[in-house]
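# Per-entry structural report
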Amino acid sequence: MAVVETVRGPVDLGNLGQTLMHEHVFVLSTEHVQNYGSDWWDEETMVARAIDKLNAVYAKGIRTIVDPTVWGIGRDIPRMQRIAAQTQLNIIVATGLYVYEEMPHQYSYRGPGLLIDIPEPMVTDFSRDITQGIADTGVKAAFLKCALETPEPTSGVERIARAIARTHVETGAPITVHTSGPHQTGRIAVRIFREEGVDLSKVMIGHAGDSNDLDYLTELADAGVLLGMDRFGLDLFNPGAERIKTIVALASRGYAGSMVLAHDANCFIDWFGAAHDQIRPVAAPNWHYEHITDDVLPALLASGVTQDQIDTMMVENPVRYFTPAKDGAS
Ligand SMILES: [Zn+2]
């Protein structure tokens with residue numbers, strides 16, 4: 001049986017179980033935390049809090065979360081190892097770069113045709129995370145992540161997307177791409193990845209569920225990608241009732257095999273600083289790991305989605321996404 005790498009090591013794909021395909025444990029700027037976080041960030045408290053929340057969602061039947069936290073939103077694998085050691089939940093981690101517009105200086109001068117003329121260093125770095133492990137942790141990334149947020153990608157963002165695609169071609173690792181529903185940037189992802197020879201069945205269009213445009217969503221699904229219906233609880237981007245209606249419509253048209261579910265939630269995000277614990281229950285009360293199990297799945301069933309279709313979205317599609325392509329290297 002094929003395996004997928006998790007924070008605790010390889011897990012048989014048959015043991016992934018119910019999977020939330022896009023959740024963060026933390027979303028942080030490491031420098032923000034280190035320099036300004038003394039009032040609101042306590043490492044031990046935050047780690048304990050994460051363990052509690054992950055164990056709570058495990059108790060609800062979820063067996064795996066897929067965490068696309070990469071450079072740009074605070075990837076910290078040693079912290080994840082501490083957390084993963086104290087929960088039975090499988091946590092799958094990623095490599096890549098989370099950038100909306102500006103290429104990090106660390107890649108601006110190194111690369112083909114640049115001041116330091118070397119093969120694309122992002123492909124080198126991302127591939128090492130997948131094949132050898134991240135830094136000296138021994139933990140391997142199991143998928144790739146990039147972002148296409150703006151209507152037209154900057155040259156830097158396009159370079160990142162192409163480096164992600166080439167790493168996929170080299171390693172076989174699947175891709176999750178952050179996209180904008182309003183700007184329908186999933187189309188840009190499909191175009192770039194197609195040009196680079198990516199197996200589109202190994203691509204998840206993150207935040208596709210922010211859109212209720214069935215023409216856009218079926219166009220993407222027909223291209224072969226997975227739709228990330230992955231922001232349940234973030235009603236400010238698309239109200240939950242609308243998200244559900246869109247899934248019901250797509251499922252009734254035979255697209256259950258093209259959708260995966262998640263919240264894009266986290267245990268703590270540093271964008272609100274010290275106000276985090278006060279603002280969050282008010283601004284987004286359902287934005288937590290248990291909303292899908294508690295509320296969304298019952299609502300889908302009540303709206304005519306079958307248990308088989310839910311199993312397809314929650315179990316089978318994640319397994320298919322992480323199943324190595326026959327000719328893939330991973
Ligand atoms: Zn996310």
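Quick note: structure is the one above.
A brief look at the structure comes next. The written sequence of each chain sets the order in which its residues are numbered from 1. Predicted model: local features are reported for residues with pLDDT of at least 70 only, side-chain atom pairs are reported and counted for 80 or more only, and whole-chain, interface and lining totals are derived from all residues. Each side-chain value is derived from all of the structure's non-hydrogen atoms; neither hydrogens nor water enter the calculation.

## Notes on the overall build of the chain
- Strands are runs of DSSP state E lasting at least two residues, helices are runs of H or I lasting at least four, and both sets are numbered from the N terminus onward. Secondary structure summary: the chain contains 12 helices and 12 strands in total.
- In terms of overall dimensions, the chain is globule-like: its C-alpha atoms have a radius of gyration of 19 Å, near the 20 Å expected for 330 residues.
- If one aligns the C-alpha atoms of the chain with their principal axes, the spans along those axes are about 60 × 50 × 40 Å.
- Here the term buried applies to any residue with accessible area under 20% of the maximum for its type, exposed to any over 50%, and partly exposed to those in between, with areas from a 1.4 Å probe on protein chains only. Across the 330 residues in the chain, those meeting the buried criterion constitute 57%.
- What sets the accessible areas is the Shrake-Rupley method with a 1.4 Å probe; for residues, cover comes only from the shown protein chains. When the accessible area of the chain is evaluated, it comes to approximately 13600 Å², of which 51% is carbon and sulfur surface.
- Think of it this way: Lys and Arg go in the positive column, Asp and Glu in the negative one, and His and the chain ends go nowhere. Just so you know, the charge point we use is NZ for Lys, CZ for Arg, CG for Asp and CD for Glu. The centroid of the 26 positive side-chain charges in the chain is displaced by 2 Å from the centroid of its 43 negative side-chain charges. With C-alpha atoms as the basis for the radius of gyration, the globule rule is written as 2.2 Å multiplied by the number of residues raised to the power 0.38.

## What about the sheet that holds strand 6 (residues 90-96)?
- Judged by pairing direction, the sheet is parallel, and its 8 strands sit side by side in the order 3-5-6-7-8-9-10-11 without closing on themselves. Of all the strands in the sheet, the pair left with one neighbour each is strand 3 (18-20) and strand 11 (259-261). Strand after strand, the sheet turns through a mean of 30° between neighbouring axes, direction not considered.
- In the sheet, strand 10 (residues 226-229) pairs with strand 11 via 3 bridges, with the strands oriented parallel. Looking at the pairing, Gly228 lines up with Val260 of strand 11. In short, DSSP must find at least two bridges between two strands for them to pair. For helices, the fitted axis covers only the stretch in contact; all axes are lines through C-alpha atoms, and the angles between them, taken along N-to-C directions, range from 0 to 180 degrees.

## Quick look at the nonpolar core
- Counting residues in hydrophobic clusters, the biggest one holds 110 residues, and the most contacted among them are Val25, Phe26, Phe193, Leu261, Leu300 and Phe322.
- The leading source of residues in this core is helix 2 (residues 43-59), at 7 residues.
- Two residues qualify as a contact provided that any one of their heavy atoms is within 4.5 Å of a heavy atom in the partner residue. Discounting residues that sit within four places of it in the chain, Leu300 has contacts with Ile244, Ile247, Val248, Leu261, Val305, Ile310 and Met313. Only buried residues count toward a nonpolar core. Its members are Ala, Val, Leu, Ile, Met, Phe, Trp, Tyr and Cys residues joined through side-chain atoms within 4.5 Å.

## Examining the side chain of His291
- Here His291 is to be found in helix 11 (residues 291-302).
- Sequence-distant contacts of His291, that is, excluding residues within four places in its chain, are made with Phe232, Gly233, His263, Asn286 and Val296.

## Focus: the pattern of salt bridges
- We count a salt bridge whenever a side-chain nitrogen from Lys or Arg sits within 4 Å of a carboxyl oxygen from Asp or Glu. Under the criterion given, the structure shown has 19 salt bridges.
- Of the charged contacts in the structure, one is a salt bridge between Asp294 and Lys60, with a shortest N-O distance of 3.1 Å. Here Asp294 is found in helix 11, whereas its partner Lys60 is found in the loop between helix 2 and strand 5 (62-67), with 234 residues between them in sequence.
- On the basis of relative accessible area, Lys60 is assigned to the partly exposed category, the value being 35%.
- When salt bridges that share partners are traced, they join Glu158, Arg162, Arg166, Arg191, Glu195 and Glu196 into one network.

## So, the coordination of the zinc ion
- The protein atoms that coordinate the zinc ion are His22 (NE2), His24 (NE2) and Asp264 (OD), at distances of 2.1 to 2.2 Å.
- Donor atoms: N, O and S within 2.8 Å of the metal, or within 3.2 Å for Na, K and Ca. Because water is excluded, sites can look incomplete. Donor residues for the zinc ion sit on one chain with the sequence pattern H-x1-H-x239-D. Here His22, found in the loop between strand 3 and strand 4 (26-27), pairs with Asp264, found in the loop between strand 11 and strand 12 (268-269); they are 242 residues apart in sequence, far enough to count as distant.

## A word on the pairing of strand 6
- Burial analysis of strand 6 places 7 of its 7 residues in the buried class, the great majority of the element.
- Neither face of strand 6 is left uncovered, since the one carrying Asn90, Ile92, Ala94 and Gly96 and the one carrying Ile91, Val93 and Thr95 both have all their residues buried.
- Bridge analysis of strand 5 against strand 6 gives 4 bridges, and the strand direction is parallel. Looking at the pairing, Asp67 lines up with Val93 of strand 6.
- In this sheet, strand 7 (residues 143-148) lies alongside strand 6 in parallel orientation, the contact comprising 3 bridges. What sits directly across from Thr95, in strand 7, is Leu144.

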